[in-house]
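# Notes for the structure review
Here is what each chain is made of, one letter per residue.
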Amino acid sequence: MIGAGAAGMMCAIEAGRRGRRTILLEHSPAVGRKILISGGGRCNFTNLGAGPKQYVSRNPDFCRSALARYTPQDFLRLIEKHRIPCHEKKLGQLFCDRSARDIVEMLLAECREAGVELKTGCRVESVEQSERFLIRTAEETLPAERLVIATGGLSVPKTGASDFGYRIAEQFGLRIVAQAPALDGFVFQEGERNRFRELAGVSADAIVTCGGASFRENILFTHRGLSGPASLQGSLYWKPGASVIVNFLPGLGADELRAWLRTQKRERPVAAIKNLLAERIPRRLSEALCDLAQAGTQPIGQTPEGTLERLVRTLQAWSFVPERTVGYQRAEVTVGGVDTDELSSKTMEAKRVPGLYFIGEVVDVTGWLGGYNFQWAWASGWAAGQAV
Ligand SMILES: Cc1cc2nc3c(=O)[nH]c(=O)nc-3n(C[C@H](O)[C@H](O)[C@H](O)COP(=O)(O)OP(=O)(O)OC[C@H]3O[C@@H](n4cnc5c(N)ncnc54)[C@H](O)[C@@H]3O)c2cc1C
């Protein structure tokens, strides 16, 4: 197995338990570096509601089999075996109480118990196939009947991320779905950047809609764009040139919002709209959105219906076209990867290259924010671990 991250370690544990002689190669000096920085250092290691609908892939059904055979409950059993204290934060997201290091220590202990040989600081220089795979490192050539690629995606290069997995796939003639950074939020174009610069640091409950998917969670204005969980989720579905739509009043339908504005107009006619709105959304956001709808300064009683209607549209369906997403330095994941048509959904083995497997994030299966990406790493690693 190449890559001692979440998927590689799970696969090695399962293969080792089955009595396979298993060697896990990692080019970084330490294993599981992405696990250590995940979930703000507490690792959101699974999601109790994980299922195929929370994953993006060219073939949305591909992940179904692996996710059904290794579930969040299965991973929880491992957590319980190692007595790791954890809690549900929200929306089924499970986090360590103490630190993500608990997860890495657990996986290392399981690797030891399963007799996995671990080589860190090990650079793989090339892979060849004759009767067996020959994995050449700086020190030695390792022959292997089966080879599992678990080298992850491109995000956060300082954790050891590399394009190695994609290069191996190409070397063996497997198709790749174009990669892009995701779960990273949006960078505004210059117009919005200037307009909303003052909002940096403002967060609000909102619905972000992008590429046909909608997420209701917090958004956070940054000095150059939009972050926060709802924006990160939206970025998973974004394609260059596409619009993102934000509803800043997710608790109110359009008709309810119109009715509320009419009531304010009748009962508080001298109040400025931006002050009224500031009772529902952060004041700085209220001011910026009223400016955008050219509806801010006059008392509501003197505001024409057309202006109020423009305000309703701005509040509930503000649309912008991002310049780009934030990029690999900050992205939690890479969308795209080894095309799932090339792999068996049961074993993760390449259909055209018997003995070669791809698992985890290097595969074109990407989950939402909230523990879904680790669950895919565990489940795909487990599936390959039963087969190698
Ligand atoms: C900041 C951040 C926070 C995140 N938080 C969460 C979270 O809370 N919950 C969640 O579900 N997901 C989270 N993710 C996503 C999650 O970390 C990944 O989806 C997951 O780690 C993928 O597992 P993997 O084993 O496929 O890849 P990785 O965990 O990235 O492991 C790949 C391993 O391969 C090694 N490697 C790469 N190239 C080579 C090579 N050429 N030779 C040898 N080894 C190599 C790497 O050093 C690494 O150890 C987060 C990601 C980031 C960046």
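Keep in mind that what you see is a predicted model, and the values were worked out from it rather than measured.

What follows covers the pattern of salt bridges. By the definition in use, this model includes 28 salt bridges. The residue R21 makes a salt bridge to E117 at a minimum N-O spacing of 3.3 Å. Taken together, the residues span a long stretch of sequence, with R21 in the loop between helix 1 (6–17) and strand 1 (23–25) and E117 in strand 6 (residues 117–119) at a distance of 96 residues. For E117, a relative accessible area of 32% puts it in the partly exposed group. Across the pair K265 and E305 runs a salt bridge whose closest N-O atoms are separated by 2.9 Å. Within this pair, whereas K265 is found in helix 9 (residues 254–267), its partner E305 is found in helix 12 (residues 305–316), the two being separated by 40 residues in sequence.

The next point concerns the sheet that holds strand 14 (residues 213–221). Strand order in the open sheet formed by seven strands is 17-16-13-14-15-12-18, with antiparallel pairing between adjacent strands. The sheet is open, and its two edges are formed by strand 17 (318–320) and strand 18 (324–325), each paired on a single side. Where strand 14 lies against strand 15 (residues 225–227), two bridges are found, and the strand directions are antiparallel. Its bridge partner being in strand 15, F221 is matched across the sheet by L226. The sheet strands contacting helix 12 are strand 16 (244–247) and strand 17, and the helix crosses strand 16 at an angle near 110 degrees.

Rules of the game
Residues numbered from 1 in each chain as written. Predicted model: local features only at pLDDT ≥ 70, side-chain atom pairs only at ≥ 80, totals over all residues. Heavy atoms only, no water. Salt bridge = Lys/Arg side-chain N within 4 Å of Asp/Glu carboxyl O. Helix = DSSP H or I, 4+ residues; strand = E, 2+ residues; numbered from the N terminus. Buried < 20%, exposed > 50% of the residue type's maximum accessible area, 1.4 Å probe, protein only. Pairing = 2+ DSSP bridges. Contact = heavy atoms within 4.5 Å. Axes fitted to C-alpha atoms, helices over the stretch in contact; angles between N-to-C directions.

By themselves, these are just geometric observations and shouldn't be taken as functional.
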